[in-house]
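Structural features, examined
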Amino acid sequence: MAKEIIPLASVIIPMYNSAKFIPQTLESLLNQTLKNFEVVVVDDCSKDNSVEVVEKFKAKFDGRLKVIKLRRNTGTPGLPRNVGIKFARGKYILFLDSDDLYTKTALEELTTLAEEYNAELIHTCNWFMLWGRKKSVGEVAFHDMNELMNRDNWEVNSEFKDSPLTAPTLQGEDIPSIIEMFTNWDTFWTSVLYMYRRDFIVRNQIFFPNMLKSEDAPFVLKCLLLAKRYLLVPNTTYIVRPRVDSVSRVNDRNVDMGKFLHKEVSSLRQGFNELIKVMNKSSFLREHETYHHSVLQFFHRKLFSWLYYLKEAYSKKGSLYKLDEFVRKEFYDANAPFAAYLFNTMVVYLNHLEDLELENSVLRKVQLM
C-alpha cells in the first residue's frame, strides 16, 4: 500500500457567493511553482453556483482540491476557516479570501523560508493592491487573468511605513516589542498575511472566535503571544482584488443603518471580550496594564470609524430616543469589560484635556506679562 503524501501546505478558502471571483483565485493556485500543496474550499451555504464552479476545477488539481459544504450559514469567514483547519493535512496553513490571489511563487517562497528558519508563524509584511481600488466588478479587467497577474497593475502596500523590512527577521519572545509593533502598524492583524505551522495551531488550540467581523484580531494576537519562532519576511505574495462597488458600502442608500450599526457594535463588543480572554491567559499582559490597554485602544481605534455614520443615522427628530433605544438593545451584562474600557478612555481623555487647559492658561499668563 502506497504511503500517503502529506502536502507541504494547505490553502484554506472560505467561500460565500463567489462564483464570479473564485475561478481566478483558483487559477492563481494552479499556476504556483510549488506543486506539493492542497486547497480546502469551505462553502458557507452560498446561494449562487459557487460550489458548482469550484467542483469543475477538481480535475485540474489532481485530487488536491477539497470542497466542504457547511449545513448552516455562519455569516463570517472565521468559522469556515476553523472547519478548514480541521480538514487540512499540510505542514503549513494559509488563508486566502475567495476573491484574492497569490503571486506565482508565493507558496514556494513562504514554505522555503519557513523550513529554513524552522518558523511556527511567518508574517508577510507587504501585500499588493490591484489598481489602487480604482476598478469595479463590472469591468473586464476585474476578471481577466492577464490583467490580474500584470505586475503593472499592482501597488505595493506595507505595514512598515517608516522603516521597511529588507530581510527575514526572526523575532524573539519579546511580548512588549511585539505589542508595540502591532499597535503601531497600519493593518488590522490580517490573518491572510500570515502562514502558520499546522501543529502549532492545533497544539495550542488556536481558532477563530464566532464574530460577525474583525475575527482576525483575537486569532492573530493569540498566535503572536504563543509563537516561539515568529518570522517577519519582506516578501510580497498576497494580491488583494478590492471590490469597490460592494453592496455592503455604508453610503449605499439601500443599506439598513440599524443592521449596519448592529454589525459594527457587535464586532466591537465581541472583539473586546475575545481580546480580553486571550490577554488574560498571558501572565505578562495580566501584570502590565499599559500594554493590555494599548491592545484594546488599537482595536477601538480601528473599529470606531463607523461612529461617523451615527450623525447620518440619528440626525432627525427623536434621534436621542432612537440612540438610547439602540444602546439599550445592544449592551447588556456581558459587556462589563467594554464599558470599563470606555470609562477608562474617557478619564484618560479628560485628564489630557485638563493638562492642555492648564498649559494654555500658563501660556496666556506669560503672554499678558
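Quick note: structure is the one above.
What this report covers is the structure whose coordinates are included nearby. (Residues numbered from 1 in each chain as written. Predicted model: local features only at pLDDT ≥ 70, side-chain atom pairs only at ≥ 80, totals over all residues. Heavy atoms only, no water.)

Assigned secondary structure in the chain consists of 14 helices and ten strands. Counting over 369 residues, the chain shows a buried share of 49%. Relative to all contacts within the chain whose residues are 6 or more apart in sequence, the contacts with residues 24 or more apart total 83%. Summed over all atoms, the accessible surface of the chain reaches about 19700 Å², with 53% contributed by carbon and sulfur. (Helix = DSSP H or I, 4+ residues; strand = E, 2+ residues; numbered from the N terminus. Buried < 20%, exposed > 50% of the residue type's maximum accessible area, 1.4 Å probe, protein only. Contact = heavy atoms within 4.5 Å. Areas by Shrake-Rupley, 256 points an atom, 1.4 Å probe, with all protein chains shown as cover.)

Our next topic: helix H11 (residues 289–303). Along its 15 residues, H11 runs 21 Å from first to last C-alpha, staying within 8% of the 21 Å computed at 1.5 Å per residue. Along H11, the residues classified as buried are Tyr291, His292, Ser294, Val295, Leu296, Phe298, Phe299, His300 and Leu303. (Expected span 1.5 Å × (residues − 1).)

So, on to the environment of glycine 84. Along the chain, glycine 84 turns up in helix H3 (residues 78–87). Take glycine 84: its relative accessible area is 0%, and that puts it in the buried class. Beyond its immediate sequence surroundings of up to four residues, glycine 84 is in contact with Ile12, Val40 and Val42.

With respect to the helices and strands, threonine 103 occurs in the loop between strand S5 (101–102) and helix H4 (106–117). Its relative accessible area of 1% is what places threonine 103 among the buried residues. With near-sequence residues (within four places) excluded, threonine 103 lies in contact with Gln32, Phe128, Met149, Trp154, Thr236, Thr237 and Ile239.

A separate point is empty space enclosed by the protein. The final tally for this structure, using the stated rule, is one cavity of 30 Å³ or more. For the largest cavity, the calculated volume is near 40 Å³. In this structure, the largest cavity is lined by Leu94, Tyr102, Leu110, Thr124, Val192, Leu193, Tyr194, Met195, Thr237 and Tyr238. Mapped by element, the contributors of at least two residues to the lining of the largest cavity are strand S9 (194–197) and strand S10 (230–240). Partitioning the lining of the largest cavity into residue classes produces eight nonpolar, two polar and no charged. (1 Å grid on protein atoms, 1.4 Å probe; cavity = no way out; pocket = protein on both sides within 12 Å on 5 of 7 lines; lining within 4 Å. Points joined across faces, edges and corners; volume = space filled by probe spheres on them. Nonpolar A, V, L, I, M, F, W, Y, C, P; charged D, E, K, R; others polar.)

All right, on to the packing of helix H6 (residues 175–182) against H11 then. Where H6 contacts H11, the axes come no closer than 10 Å and their chain directions differ by 25°. Taken together, the axes of H6 and H11 lie roughly parallel to each other. Considering the relative orientation of H6 and H11, their crossing is left-handed. When H6 is examined against H11, the residues Pro176, Ile179, Glu180 and Phe182 are found in contact with a partner set consisting of Tyr291, Ser294, Val295 and Phe298. Among the residues making up the contact of H6 with H11, the classes are represented as six nonpolar, one polar and one charged. (Axes fitted to C-alpha atoms, helices over the stretch in contact; angles between N-to-C directions. Parallel < 35°, antiparallel > 145°, perpendicular 65-115°, else oblique. Left-handed = near helix turned anticlockwise from the far one by under 90°.)

Pairing of side chains with opposite charge becomes possible as their charged atoms draw close. Applying the stated criterion across every chain, the model contains 14 salt bridges. The closest approach of N and O atoms between arginine 81 and aspartate 97, which form a salt bridge, is 3.2 Å. Highlighted residues: arginine 81 in helix H3 and aspartate 97 in the loop between strand S4 (92–95) and S5, separated in sequence by 16 residues. Here arginine 81 falls in the buried class, since its relative accessible area comes to 3%. One salt bridge in this structure joins glutamate 139 and lysine 135, with 3.8 Å as the shortest N-O distance. When its relative accessible area of 27% is taken as the criterion, lysine 135 is described as partly exposed. Salt bridges sharing partners connect three or more residues here, namely Arg81, Asp97, Glu215 and Asp216. (Salt bridge = Lys/Arg side-chain N within 4 Å of Asp/Glu carboxyl O.)

Moving on, we come to the pairing of strand S2 (residues 37–43). Most of S2 sits out of view: seven of its seven residues are buried. Across seven bridges, strand S1 (residues 9–15) lies against S2 in parallel orientation. Bridging across to S2, valine 11 finds its partner in valine 39. Taken together, the five bridges between S2 and strand S3 (residues 65–69) define a ladder with parallel strand orientation. Note that in S3 the partner of aspartate 43 across the bridge is lysine 69. Following the chain from S2 across helix H2 (residues 50–55) to the adjacent parallel S3, one finds a crossover that is right-handed. (Pairing = 2+ DSSP bridges. Right-handed = clockwise from strand over helix to strand, strands pointing away.)

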